[in-house]
Amino acid sequence: MARFQILENVRLRGDYFRVVFSAPEIAAAARAGQFVHVRIDERRDHVLRRPFSIHDADPAAGSITLIYKRVGSGTALLAEKAAGSCCDLLGPLGTAFTPAPEGVVPVAVAGGYGAAATYMLVRSCARKPVLLIGARNRDELILDDVYRAAGCDVRVATDDGGCGVKGRVTELVEPLLAENPGKKFFFYGCGPRPMLAALGRKLRELHRDGELSVDEIMCCGVGACFGCVVKINDPDAEKGWSYARSCVEGPVFPLEKIYLEK
């Protein structure tokens, strides 16, 4: 058991929260796209851990930051924890995003709090990155101000049109390309399954490169239980696909590996 102290646990907006842990070992090793597996409480009814993308890591301060949404009993317990209390953390786990090649503009495409997973990546970019972020409405939109403060070109889409363009976040891709015909882009996606599937199809249609971070429920987080498998393209397999563990081989996969249902 590796228990880490909470330094801060505050509400961002609505049911969204930011928690900061004192975790020097994890902060020193963490890379963008990886996650920590958190056991929130010692009660028997919360024995399973929950995966959270590492939003940010500060090796100098020895801290990591997670963004989460209060959606069930586990995250409700986490929201109640005050500074000074502890949680058991396992990490950093999983594969990381690949930094964009030199001369290529990184584009993070995020649905909801999928934006939590790509911040470390764009914060360290030499070139001005782009964030395409979507949400149901303004109240569900988070971290856009954080990305702007980091120097990103932020473009917003909401389902109801209350903020930014009315529509899905994937609808922001083609206008970005049309405005910058001579630029090379590399896309990074994180968000709900339907959004990732739509993004994957669009990027392939447009012959663009990228990586997607899949959003799966994980039990063990270390590849032992095979409870978080996803289909990936596999030309050597009889059906053209095989299973991969999103906690070990993922959660980040190259776009060409993502299997899209027909």
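Residues numbered from 1 in each chain as written. Predicted model: local features only at pLDDT ≥ 70, side-chain atom pairs only at ≥ 80, totals over all residues. Heavy atoms only, no water.

A. Expanded view of the overall build of the chain. Of regular secondary structure, the chain possesses 6 helices and 15 strands. Taken against the 2.2 N^0.38 rule, which gives 18 Å for 262 residues, the C-alpha radius of gyration of the chain at 18 Å falls within 12% of a compact globule. With respect to the three principal axes, the spread of C-alpha positions in the chain is 50 × 45 × 35 Å. Here the chain holds 262 residues, and the buried ones make up 51% of them. If you take every contact in the chain between residues at least 6 apart in sequence, the share linking residues at least 24 apart comes to 62%. (Helix = DSSP H or I, 4+ residues; strand = E, 2+ residues; numbered from the N terminus. Rg over C-alpha atoms; globule rule 2.2 N^0.38 Å. Buried < 20%, exposed > 50% of the residue type's maximum accessible area, 1.4 Å probe, protein only. Contact = heavy atoms within 4.5 Å.)

B. Spotlight on the nonpolar core. If you look at the biggest cluster of nonpolar residues, it comprises 31 residues, and the most contacted ones within it are F21, I26, V38, I64, L66 and L89. When residues of this core are assigned to domains, at least three fall in each of domain 1 (2-93) and domain 2 (97-211). If near-sequence neighbours (up to four positions away) are discounted, I64 is found in contact with V19, V20, F21, A23, I26, A27, V36, D56, A57 and L89. One finds V109, V214, I232 and L255 within the second-largest nonpolar core, a separate group that totals 26 residues. (Core = buried A, V, L, I, M, F, W, Y, C linked by side-chain atoms within 4.5 Å. Domains from an automatic or database assignment.)

C. Representation of the packing of aromatic side chains in the model. The final tally for this structure, using the stated rule, is 9 aromatic pairs. Taken together, a centroid distance of 5.4 Å and an interplanar angle of 85° make the contact between F97 and Y188 edge-to-face. On the criterion of sequence distance, the pair formed by F97 in the loop between β6 (86-93) and β7 (105-111) and Y188 in strand β11 (residues 185-190) is long-range, its members being 91 residues apart. Looking at F97, the relative accessible area reads 5%, which means it is buried. Residue Y188 is classed as buried on the basis of its relative accessible area of 0%. Ring geometry for W241 versus Y259: centroids 6.1 Å apart, planes at 50°, classification tilted. (Phe/Tyr/Trp six-rings, centres within 6.5 Å; stacked < 30°, edge-to-face > 60°.)

D. How the structure looks around the sheet that holds strand β9 (residues 153-158). Taken in spatial order, the 7 strands make up an open sheet running β10-β9-β8-β7-β11-β12-β15, and their pairing is mixed. Where the open sheet ends on each side, the last strands, each with one partner, are β10 (165-166) and β15 (252-254). Bridge count between β11 and strand β12 (residues 209-213): 5 bridges; the pairing is parallel. Its bridge partner lying in β12, Y188 is registered against E211. (Pairing = 2+ DSSP bridges.)

E. Seen up close, unusual backbone geometry. Omega for the peptide link from G91 to P92 comes to 0°, which places this bond in the cis form. As for its placement among the helices and strands, P92 is situated in strand β6. For the bond from G250 to P251, the omega torsion is 10°, close enough to zero to count as cis. Along the chain, P251 turns up in the loop between β14 (241-245) and β15. The residue F226 is not glycine, and still its phi comes out positive at about 60°. Here F226 lies in the loop between β12 and β13 (229-233).

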